[in-house]
Amino acid sequence: MLTVPAYAATSATEPLTPTTVERRDVGPHDVLIEIEYVGICHSDIHNVRSEWGPASYPVVPGHEIAGVVAQVGSEVTRYAVGDRVGVGCMVNSCRECAPCLRGEEQYCLKGNTLTYGSIDKDGTLTQGGYSTHIVVDDDFVVRIPGALALDEAAPLLCAGITTYSPLRRWGAGPGKKVAVVGLGGVGHMAVKIAHALGAQVTVLSQSLKKKDDGLRLGADHYVATSAPATFEQLVGAFDLIVNTASARVDLDSYLRLLKPGGVLINVGAPPESLSLDVFSLVMHGHICAGSLIGGIGETQEMLDFCGEHGIGAEVEIIPAAKINEAFERMIASDVRYRFVIDTSTLV
Ligand code: NAP
Ligand code: ZN
Ligand code: ZN
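A few points on the structure. Note that this is a predicted model, so its numbers are computed, not measured.

1. As for the coordination of the zinc ion (ligand 2)
For step 1, the next point in the chain: Surrounding the zinc ion (ligand 2) are the protein donor atoms Cys41 (SG), His63 (NE2) and Cys158 (SG), which sit 2.0 to 2.2 Å from the metal.
For step 2, the next point in the chain: Along the chain, the residues donating to the zinc ion (ligand 2) are arranged with the sequence spacing C-x21-H-x94-C. With Cys41 in the loop between strand S3 (30–39) and helix H1 (42–48) and His63 in the loop between H1 and strand S4 (65–72), the pair connects residues that are 22 residues apart, well separated along the chain.

Structure below.
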């Protein structure tokens, strides 16, 4: 057992504080990873504040993990000490159900084991990547391409795969018009990846404050949803809309912006339920869909794609002592575009 520094929430209302966590001994199929960087996802905030239902405290969040292999189990052949690797939102699944067998472990029928806040196979509560080390089954470890710096790669493990998976599934590519709602951590990856896939990209942000950045990241157009004319001018404009907003939005307004048969993909996961008028779907055959991260094989495919296209996240590196401040800035939509913790500041 290894005792390692970490940052944890002890309740829904208190700030995160320094602590330690126990990592299990490296089993035959395990990899011990020395974490170098870990991204802060808005899901970490929803979780630690029990916005999605009561969390089991203490919670060490963090599921955008990038680091280096420090030790491998006796049966591990894919990874060696020194390899640059990542871990995303899952560390295990049943491996037997239909979704697992087709590589969609995120939809495991028995419930996958999340990187934090899940009961692990040994009965302990999983603890995430706001920490210096983690022990993970090698089937849930992915390789980070040499072309990507580890700090810029960390957010790909959640924000990257969360956008790559539905963009591929719903056919983003040349000739397709894709809108991205919300230019935060997930949204900026949606812009970069949709652009790299060859789609024409429009950002639908609350204001024009981040317009220059949006265009630099690969958007062709940038529109403020606060401007009254926006929802009239863009009726029927898009094949796909990726909604990354961390708060409630009016689905009917966005569905009207789709072409006939177009798809509104919800990846944002606000705690409040969203409602829609069924006529927003039936009159033009619109599809209102959702998507959860992506499978492990697809995560590797996304990393390789990002490596080939030189796509990393735009990051603001912070010391662990600034985690609580970063949470507040994200809630205020003041993130450009992913906070990433330098885990050397945890010790
Ligand atoms: P983030 O960095 O905080 O970005 C969220 C963005 O949403 C903000 O920057 C803002 O963009 C927009 N927004 C915030 N409040 C809004 C409001 N009231 N109305 C309209 N837009 C608003 O968060 P994130 O890490 O990208 O995560 C976004 C959401 O996706 C969270 O709910 C998170 O839990 C969820 N998520 C889901 C998955 C999945 O697998 N489905 C994976 C990761 C994250 P503008 O300033 O540009 O308007
Ligand atoms: Zn996430
Ligand atoms: Zn399964």
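So much for the structure itself; the text now carries on.
2. Re the site of ligand 1
For step 1, the next point in the chain: Ligand 1 sits among 30 residues. The nearest are His42, Leu183, Ser205, Lys210 and Arg338.
For step 2, the next point in the chain: His42 has a polar side-chain atom sitting 2.7 Å from an oxygen atom of ligand 1.
For step 3, the next point in the chain: Backbone polar atom of Ser291 to a nitrogen atom of ligand 1: 2.8 Å apart, as the coordinates give it.
For step 4, the next point in the chain: Its free accessible area being 910 Å², ligand 1 has 91% of it covered by the protein chains.
For step 5, the next point in the chain: Looking at the shell around ligand 1, the elements that each hand over two or more residues are H1 and helix H5 (185–196).
For step 6, the next point in the chain: The element best represented in the shell around ligand 1 is H1, accounting for three residues.

3. Overview of the nonpolar core
The tendency in soluble globular proteins is for nonpolar side chains to be buried as a group.
For step 1, the next point in the chain: With 91 residues, the main nonpolar core has Ile40, Tyr130, Val178 and Ile323 as its most contacted residues.
For step 2, the next point in the chain: Ranked by the residues each element gives to this core, the list is headed by H5, at six residues.
For step 3, the next point in the chain: When neighbours within four sequence positions are excluded, Val178 is seen to be in contact with Leu167, Ala172, Ala194, Ala199, Gln200, Val201, Thr202, Phe238, Leu240 and Val242.

Cut-offs applied
In this numbering scheme, every chain counts its residues from 1 along its sequence in written order. Chain letters start at A and ligand numbers start at 1, both assigned in the order the entries are written. Per-residue local features of the predicted model are confined to residues with pLDDT of at least 70, and side-chain atom pairs are confined, for both listing and counting, to 80 or more; whole-chain, interface and lining totals are unaffected and use all residues. Neither water nor hydrogens contribute to the side-chain values; these are computed over all heavy atoms in the structure. Water is not part of the atom set, so a site may look incomplete; the donors themselves are N, O and S atoms within 2.8 Å of the metal, or 3.2 Å for Na, K and Ca. The secondary structure listing takes helices from DSSP runs of H or I that are at least 4 residues long and strands from runs of E that are at least 2 residues long, numbered from the N terminus. Near, as used in this document, describes a residue that has one of its heavy atoms within 4 Å of the molecule or strand being considered. The definition of a polar contact used here is a pair of N or O atoms within 3.5 Å, where within protein one atom must be able to donate a hydrogen and the other to accept one, and adjacent residues in sequence count solely through side-chain atom pairs. Surface accessibility follows the Shrake-Rupley procedure with a 1.4 Å probe radius. Residue values consider only the protein chains on display as shielding. What is meant by a nonpolar core is a set of buried Ala, Val, Leu, Ile, Met, Phe, Trp, Tyr and Cys residues, joined one to another through side-chain atoms within 4.5 Å. Burial status follows relative accessibility: with a 1.4 Å probe on protein chains alone, a residue under 20% of its type maximum counts as buried, one over 50% as exposed, and anything between as partly exposed. Contact between two residues is taken to exist if any of their heavy atoms lie within 4.5 Å; hydrogens are not considered.

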